[in-house]
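# Observations on chain architecture
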Amino acid sequence: MNRIVTIQDISSLGKCSLTVALPLISAMGVECAVLPTAVLSTHTAFEGFTFRDLTQDLQKTADHWKNQQIHFDAVYTGYLGSIQQIDIVAKFIDDFGDHGALAVVDPCMADNGALYKGFTTDFAARMAGLCGKANIITPNLTEAHFLLNLPYKGSNYDEDYIKDLAVRLAALGSQKVVLKGIEFSEDQKSVKGTKEKIGILCYDSVTEKFTWYFHKKMPQNFHGTGDIFASVLTGGIMTGLPLESAVSLAADFVAQSIKATLSHPDYNWYGVDFETCIPYLIHRLEKK
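Residues numbered from 1 in each chain as written. Predicted model: local features only at pLDDT ≥ 70, side-chain atom pairs only at ≥ 80, totals over all residues. Heavy atoms only, no water.

## A short note on the overall build of the protein
Applied cut-off: Here a strand is any run of E in DSSP of at least two residues, a helix any run of H or I of at least four, and the numbering for each starts at the N terminus. We compute the radius of gyration over the C-alpha atoms and compare it with the globule rule, which gives 2.2 Å times the number of residues raised to the power 0.38. Remark: exposure states derive from per-residue accessible area (1.4 Å probe, protein chains only) relative to the maximum for the residue type, with buried under 20%, exposed over 50%, and partly exposed in between. To measure how exposed things are, a 1.4 Å probe is used in the Shrake-Rupley method; for residues, cover is taken only from the protein chains shown. Charge assignment: positive for Lys and Arg, negative for Asp and Glu; neither His nor the chain ends contribute. All charge positions are set by atom: Lys at NZ, Arg at CZ, Asp at CG, Glu at CD.
Secondary structure assignment for the protein yields nine helices and 11 strands. The C-alpha atoms of the protein give a radius of gyration of 18 Å, which matches the 19 Å a tight globule of 288 residues would have. The principal-axis extent of the C-alpha atoms belonging to the protein is close to 55 × 45 × 40 Å. When each of the 288 residues of the protein is scored for burial, the buried share is 50%. Of the roughly 13,200 Å² of accessible surface on the protein, a fraction of 50% belongs to carbon and sulfur atoms. Side-chain charges in the protein split into 25 positive and 32 negative, and the spacing between the mean points of these groups amounts to 4 Å.

What follows is the structure, given as C-alpha cells:
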C-alpha cells in the first residue's frame, strides 16, 4: 500500500484541510499519515475561531520519523500558516524525498484576487520557492499571479495568456502544473465549447504538453473544495492514475459533492457534503 503524508492544519469543524484529506485519501485505498501545522476550532471563515500553532512540533515529528526510518511515497502540502512553516516543509521534502517520493504542493494562500488574511507578498515569494521543490503544483489563478509576482488580471485573459502562466509557473521548478479556476467568456480567444464551464489546465514542462479539462460550473462556491480537489488528485496518482485522469476525477468529485450539498434544503454554508459522495469516488476508481 502506498503511503502519503499530508502537511496542513486541522480545522476541527468546517470540512477542509486534514479533515477532508485524511478520509478521502484513506477511502481511495492509500495510507494517509498526517503532520498537523495548527489546530483551529473552525476554519477561518467563522468569527472568533481558536488557533493553536504547532510549528514547534513539526521538525520534532519529522526527526522522529527519520529515526524510525519511515518512508513516504508522496508528500502533499496544503495550508501553511507562516514563512517558518514553509521553510520547515521545504526541509521535510528534502529529507523524505530521497527515495523518489512525489511532492505535491497546493499553495493555499489566495483567491478572488487577494491573499488570505495574514499573508503577505513575502509569504507568496517563499511559497514560490516551495513550489520549486514540487513535482506537481495546484494553484488557482489568483495564487498563480502571486507566485509569479504579477498583477491580477481578473477575467481579462485568453487561452494564450493562461498557457503562458502555466509555463512560467513550471519555471519555478515544478515539472507539472495544474492551474485551476479558468473561465472563458464568449468574446475571449478560448478553448472551444467551454461556455458556462469552469476548467483546469495541466502543463507538463518535460513534454511541453497542455491538457484541458472543463466541467459545468456549479451555481455556488463552498469553502474547502480546493483541499478536496488536491486530496483526490494526490490519492488518484498514488492509485496509478495518470495526472490527466486524476485531475478529471478530482474535478468531477468536487462538482458531485457540491451537487449533493445543494440537494439538501438545510445545507451547511461552510463546507460540502463530500461524505455521501465517497461511494461515487470509489466506483470511479474501480472503473479505472
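## Regarding the sheet that holds strand S8 (residues 136-137)
In a beta sheet, neighbouring strands are held together by backbone hydrogen bonds and run either parallel or antiparallel to one another. Rule in force here: Paired strands, in this sense, are two strands between which DSSP finds at least two bridges. Any two residues having at least one pair of non-hydrogen atoms within 4.5 Å are treated as being in contact. To get an axis, a line is fitted to the C-alpha atoms, and for a helix only the part in contact is used. The angle between two axes follows their N-to-C directions and goes from 0 to 180 degrees.
Read from one edge to the other, the open sheet built from nine strands follows the order S3-S2-S1-S4-S5-S8-S9-S10-S11, with strand pairing classed as mixed. Looking at strand neighbours, the two that pair on one side only are strand S3 (51-53) and strand S11 (209-216), the edges of this open sheet. As paired strands, strand S2 (residues 31-40) and S3 are joined by three bridges and run antiparallel to one another. Bridging across to S3, Ala 38 finds its partner in Asp 53. Each of strand S1 (3-11), strand S4 (74-77), strand S5 (102-105), S8, strand S9 (176-182) and strand S10 (197-204) is contacted by helix H7 (residues 225-238), which is oriented at about 175° to S4, the strand it contacts most.

## Observations concerning the packing of aromatic side chains
Applied cut-off: A pair of Phe, Tyr and Trp rings is counted when the ring centres sit within 6.5 Å of each other, with Trp represented by its six-membered ring. The angle between the planes then sorts it: under 30 degrees is stacked, over 60 is edge-to-face, the rest tilted. When the NZ atom of lysine or the CZ atom of arginine is within 6 Å of a ring's centre and also within 35 degrees of its normal, the charge is said to sit over that ring.
Taken as a whole and judged by the stated rule, the model has 16 aromatic pairs. With a centroid separation of 5.7 Å and 75° between ring planes, the pair formed by Phe 222 and Tyr 267 is classed as edge-to-face. Highlighted residues: Phe 222 in the loop between S11 and H7 and Tyr 267 in the loop between helix H8 (243-262) and helix H9 (278-286), separated in sequence by 45 residues. Using a relative accessible area of 7% as the deciding quantity, one classes Phe 222 as buried. In this structure Tyr 267 comes out as partly exposed when scored by relative accessible area, which is 30%. Connected via pairs of aromatic rings, a cluster forms that spans Trp 65, Phe 72, Phe 92 and Phe 96. When the ring centre of Phe 96 is taken as reference, the NZ or CZ atom of Lys 66 above it lies at 5.4 Å. One cation-aromatic arrangement involves Lys 153 over Tyr 161; the distance from NZ or CZ to the ring centre is 4.9 Å.

## Some remarks on the pattern of salt bridges
The test is simple: One side-chain nitrogen of Lys or Arg within 4 Å of one carboxyl oxygen of Asp or Glu is enough to make a salt bridge.
Here the structure, examined in full by the defined rule, presents 10 salt bridges. Taking the shortest distance from any N to any O, the salt bridge between Asp 94 and Lys 133 comes out at 3.1 Å. Taken together, the residues span a long stretch of sequence, with Asp 94 in helix H3 (residues 83-96) and Lys 133 in the loop between helix H4 (121-131) and S8 at a distance of 39 residues. Judged by relative accessible area, which is 33%, Lys 133 ranks as partly exposed. Note that Asp 164 and Arg 168 form a salt bridge whose closest N and O atoms lie 3.0 Å from each other. Here the residue Asp 164 and the residue Arg 168 both occupy positions in helix H6 (residues 159-170), the gap between them amounting to four residues, near one helical turn.

## Some points on the environment of Phe 119
On the secondary structure map, Phe 119 appears in the loop between strand S7 (114-115) and H4. The buried category is assigned to Phe 119, whose relative accessible area is 10%. Between the C-alpha atoms of Phe 119 and Met 109, which are 10 residues apart in sequence, the distance is 7.1 Å. If near-sequence neighbours (up to four positions away) are discounted, Phe 119 is found in contact with Tyr 79, Leu 80, Gly 81, Cys 108 and Met 109.

## Comments concerning the nonpolar core
Considering soluble globular proteins, one finds that nonpolar side chains tend to be buried as a cluster. We count it as follows: In this description, a nonpolar core means a group of buried Ala, Val, Leu, Ile, Met, Phe, Trp, Tyr and Cys residues linked to one another through side-chain atoms lying within 4.5 Å.
The biggest cluster of nonpolar side chains holds 48 residues, and the ones touching the most others in it are Val 5, Phe 92, Met 127, Leu 130, Ile 162 and Leu 179. Of all the elements, H3 adds the most residues to this core, at seven residues. Filtering out sequence-adjacent residues up to four positions away, Leu 130 remains in contact with Thr 77, Leu 80, Ile 86, Val 89, Ala 90, Ile 93 and Val 105. Of all hydrophobic cores here, the second largest spans 41 residues; its members include Ile 25, Ile 200, Phe 222 and Val 247.

Remember that the coordinates give geometry; whether it matters functionally is a separate question.
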